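Residue-level listing of the chains:
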Amino acid sequence: MSGEARSPDPSQPASDGGATAERQLAAAVVAGEGPAANGAALMEVEHLRVLFPLKQGIVIDRTVGHVHAVDDVSFRLQEGETLGIVGESGCGKTTLIRTLVRLIDPTAGTIRFRGNDITKASRKRLEPIRREMQMIFQDPQASLNPRKRVNQIIRTPLLLRGVAKDRTDAEARALLTKVGLQTEHLNRFPHEFSGGQRQRIGIARALAIDPKLILLDEPVSALDVSIQAQVINLLEDLQDEFHLSYIFVAHDLSVVRHVSDRIAVMYLGKLMEVSPAEELYDKPIHPYTSALLGAIPIADPAENRSRERPLVEGEPPSPIEPPPGCRFHTRCSRASDICRQVEPQLTEYAGGHLAACHHPQNVSSEEIAGAARSEFSPLSAGAEAPSAI
Amino acid sequence: MSAAAPLLQVDDLRVSFATEDGLVRAVDGVSFSVAAGEVVAIVGESGSGKSVTAMTLMGLTRGHNARIEGRARLGDTELLSASEHELQRIRGASIAMIFQDPMSSLNPVYRIGDQIVEQIRAHERGISKSAAMERAVELMERVGIPRSSERLRSYPHEFSGGMRQRVMIAMALSCSPKLLIADEPTTALDVTIQAQILEELRTLREQTGAGIILVTHDLAVVADIADRVIVMYSGRVVEEGTIDELFYDPLHPYTWGLLGSITRIDRDRSQRLPAISGLPPSLLNTPKGCHFRPRCPHAFGRCTDDPQLIARVPDNAEHLDRCWLELDRKRALRVVGDQIGLVSPETVVS
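This report concerns the structure included in the present document.

**Describing the overall build of chain A**
Then, number 1: In terms of helices and strands, chain A carries 14 helices and 13 strands.
Then, number 2: Each of the 389 residues in chain A was classed as buried or not, and the buried ones make up 47%.

**Considerations on the overall build of chain B**
Then, number 1: Along the backbone of chain B there are 12 helices and 14 strands.
Then, number 2: The C-alpha atoms of chain B give 21 Å as radius of gyration, which agrees with the globular expectation for 350 residues (20 Å, within 12%).
Then, number 3: Taken along the three principal axes of its C-alpha coordinates, chain B extends 70 × 45 × 45 Å.
Then, number 4: Put simply, chain B has 350 residues, and 48% of those count as buried.
Then, number 5: Pairs at least 24 apart in sequence give 63% of the contacts found in chain B among residues at least 6 apart.

**Topic: the interface of chain B and chain A**
Then, number 1: Counting from both sides, the interface comprises 36 residues of chain B and, opposite them, 34 residues of chain A.
Then, number 2: At the level of elements, helix H7 (191–208), helix H8 (219–225), helix H9 (243–248) and helix H10 (253–261) of chain B are the ones that each hand at least two residues to the side of chain B that touches chain A.
Then, number 3: Residue contributions to the side of chain B that touches chain A peak at seven residues, all from H7 of chain B.
Then, number 4: Here the side of chain B that touches chain A is composed, by residue class, of 17 nonpolar, 10 polar and nine charged.

**Here's the deal with the pairing of strand E6 (residues 133–136) of chain A**
Residue and element names in this part refer to chain A.
Then, number 1: Going residue by residue along E6, you find Met133 and Met135 tucked away on one face and Gln134 and Ile136 tucked away on the opposite face as well.
Then, number 2: For E6 and strand E7 (residues 213–217), the ladder comprises four bridges, and the chain directions are parallel. Residue methionine 135 lies in a different strand from E7, and its bridge partner there is leucine 215.

**Brief notes about the sheet that holds strand E4 (residues 108–113) of chain A**
Residues and elements named next belong to chain A.
Then, number 1: Here four strands make up an open sheet; going across it, the order is E2-E1-E4-E5 and the pairing antiparallel. Two strands bound the open sheet, and with one partner strand each, they are strand E2 (62–78) and strand E5 (116–117).
Then, number 2: In this sheet, E5 lies alongside E4 in antiparallel orientation, the contact comprising two bridges. Paired with arginine 112 across the bridge in E5 is aspartate 117.
Then, number 3: In this fold helix H3 (residues 93–100) packs onto strand E1 (41–56), E2 and E4, with an angle of close to 70° to the strand it touches most, E2.

**Some points on the sheet that holds strand E10 (residues 236–242) of chain B**
Residue and element names in this part refer to chain B.
Then, number 1: As summarised here, the arrangement of the eight strands in space is E6-E7-E8-E3-E9-E10-E12-E11, forming an open sheet in which the pairing is mixed. The open sheet has two free edges, formed respectively by strand E6 (95–98) and strand E11 (310–311), since each of these has just one partner strand.
Then, number 2: In the sheet, strand E7 (residues 179–183) pairs with strand E8 (residues 211–216) via five bridges, with the strands oriented parallel. Residue leucine 180 lies in a different strand from E8, and its bridge partner there is isoleucine 212.

**Structural notes on the packing of helix H11 (residues 287–295) of chain A against H7 of chain B**
Then, number 1: Taken N-terminus to C-terminus, the directions of H11 of chain A and H7 of chain B make an angle of 50°; their axes are 8 Å apart at the nearest point. Relative to H7 of chain B, H11 of chain A is oriented oblique. Here H11 of chain A runs over H7 of chain B; the crossing is left-handed. On the side of H11 of chain A, the interface is formed by Ala291, Leu292 and Ala295 of chain A, while H7 of chain B contributes Val191, Thr192, Gln194 and Ala195 of chain B.
Then, number 2: Considering only residue class, the contact of H11 of chain A with H7 of chain B consists of five nonpolar, two polar and no charged.

**Describing helix H8 (residues 225–242) of chain A**
Then, number 1: Taking 1.5 Å of rise per residue, the 18 residues of H8 of chain A would be expected to cover 26 Å, and the 26 Å separating its terminal C-alpha atoms lies within 8% of that figure.
Then, number 2: Every buried residue of H8 of chain A is accounted for by Val225, Ser226, Ile227, Gln228, Ala229, Gln230, Val231, Ile232 and Leu235 of chain A.
Then, number 3: Looking at the packing, one finds that the buried side of H8 of chain A touches helix H7 (195–208) and helix H9 (253–259) of chain A together with H10 of chain B.
Then, number 4: Phi turns positive, to about 50°, at histidine 243 of chain A, one or two residues after H8 of chain A.

**A short note on unusual backbone geometry**
Residues and elements named next belong to chain B.
Then, number 1: Here serine 176, not a glycine, exhibits a phi torsion of approximately 45°, which is positive.
Then, number 2: For serine 176, the location among the structural elements is in the loop between helix H6 (161–173) and E7.
Then, number 3: You will see that aspartate 315, though not glycine, has its phi angle at about 65°, which is positive.
Then, number 4: Counting through the fold element by element, aspartate 315 comes out in the loop between E11 and strand E12 (320–321).
Then, number 5: Looking at aspartate 315, the number of C-beta atoms within 10 Å reads 5, which means it is exposed.

**Comments concerning helix H3 (residues 112–123) of chain B**
Residue and element names in this part refer to chain B.
Then, number 1: The end-to-end C-alpha distance of H3 is 18 Å, a good match for the 16 Å that 12 residues give at a rise of 1.5 Å each.
Then, number 2: Taken residue by residue, H3 has Ile112, Gly113, Ile116, Val117, Gln119 and Ile120 as its buried positions. Projected onto a plane normal to the axis of H3, the buried residues spread over an arc of 160° and lie on a single side.
Then, number 3: Against the buried residues of H3 lie helix H4 (129–142), helix H5 (148–151) and H6.

The rules behind these values
Residues numbered from 1 in each chain as written. Chains lettered and ligands numbered in written order. Predicted model: local features only at pLDDT ≥ 70, side-chain atom pairs only at ≥ 80, totals over all residues. Helix = DSSP H or I, 4+ residues; strand = E, 2+ residues; numbered from the N terminus. Buried ≥ 20, exposed ≤ 12 C-beta atoms within 10 Å, placed from the backbone. Rg over C-alpha atoms; globule rule 2.2 N^0.38 Å. Contact = placed C-beta atoms within 7 Å. Nonpolar A, V, L, I, M, F, W, Y, C, P; charged D, E, K, R; others polar. Pairing = 2+ DSSP bridges. Axes fitted to C-alpha atoms, helices over the stretch in contact; angles between N-to-C directions. Parallel < 35°, antiparallel > 145°, perpendicular 65-115°, else oblique. Left-handed = near helix turned anticlockwise from the far one by under 90°. Expected span 1.5 Å × (residues − 1). Arc of directions from axis to C-beta.

The structure is reproduced here in structure tokens:
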């Protein structure tokens, strides 16, 4: 779709100094055939770090430390896949996806979208790429311009996509129907809608540009349960219809598990576990994951009474000076000396289930023996293989 | 519930507010009771009237534009007609409340310790400041605040959300209230911290025998901690029962819809959630008859008449619901696939 918007003319030199790579990138993205297009990785993230400097001083700001928001995170997103990212507040999940669309500049690492490095891409180079990626935010109230009618909100991205002016109205109507709103809503302002409806407008706006990847930052946590279910169903329907890939960030593990194919669990800026969605509940390998699962009450009284629920003590440590070794060792009941000293590698177990733990649980010694260091391991991780306690 | 007189008995509570747009009937005839040592959850979505019910018991909804009718007896005291002076004595001492947002319910410019001490001294005349300080330290230890004698001197902003909520609970406990009202106490907190706070509430109930009203939108929290549940929709109670009754034999279609809307971590990822369609009605203009009728796929002619909240299960006088459907029909209609949910009959067939 976006091909119509701006077909790059190969005969025309790129304005910023004949950067052939950039032109190729734009061409590849627009034509939808990057090196890794066919069923391969849509997005690859390698050793991504985002550190926020802490400044102090009256006249001259000195950097006195860093908030380790995202600290050496690597993963790969396949086309059509939904990757869920969960974690408690302050674990870096929102910073991570904001960095992926380059709303925040990474400190180190690489982000590749369809095989093209966009880590340091200029604003101009990012423009066609951002058309392929859209974001949906947590607060539908704050993410819609209160002074614009729905019509205007949805038409702007349509025009950017290159839809002819006389076609935008029909397209906007079609989109609105698609997300479950009525066409008479087009002339209303955002304040005239409920939270769930506003979130639908946000979704329609994201779809208007015909993206391949949608990054959702807590898209349903501000909504009531019955409305939450409606929006989740809508997102799933749209994914099938438009072949979208999602990166779905939320603190609610049960919502994430419902929508995701794979789930990444983050803690203090690091990936703790990346699990196929089906395995996460029955076979959490990292103790932090079981702590999270145990903390979640289930809407079933008997289930709550019968299952084992380890209660984690205390609160997450400060991301300014994160603990050495495994970041979870200060709250972990299985922690030993090695956990306090050596950062665990991400180990790949059978079925593509990754966990960064020296003393994994729910895996047999054969499974541990058959596991190998994952290519997604942080650079600072030790080489020690995991062992049973 | 029990043969003994309940701790709190609310009868036909009605709260309406005059607004520019008309009369908002926030609470429309709510009755329930809470026994000592019992956790009663009031569940509903935004605008269902659950928080207004709780706040009215504390006398926090009084105002020139508010009309409050009905009765609410706590022991010998009639809460709704109590004077402001009487209420000041009751609040904190007999009923305490914990709010959703622990940041805005603590005064940012006073130290934590001083705020707890103020409450203790307001209700216990003649207690010295140092004795009250000691009590504050004890209370903070009891709710799991480490190094409490040091942290007494901290300001609210130096505490995390979970710790602030613990301070709120410590303050609520300071006068050993008979009834604790917790309005969404864990909504603003992370799950691991939520689990800790729920554990505190459980301990508190066991140790003090206080009755707890838990106002929440989260059915999972309800299943975890409550004994009885009241489901509210559009200002009315639509179903009331024990947690086992509500989760395993829910009678009102709205309850089915709520249960179907929840994503459950222990359940296979089904393709679609049997969600409720539409939006809750405006409280300015509620539908005739059953308030849930416009969103209910099972509604029929009789639903334009108001159903009463009565017991409909034989031999069970405690499980109440407000729906005209026959019991057997309800039990058949609520099954969607292998779970409970709300789907229109046509969809079930196809």
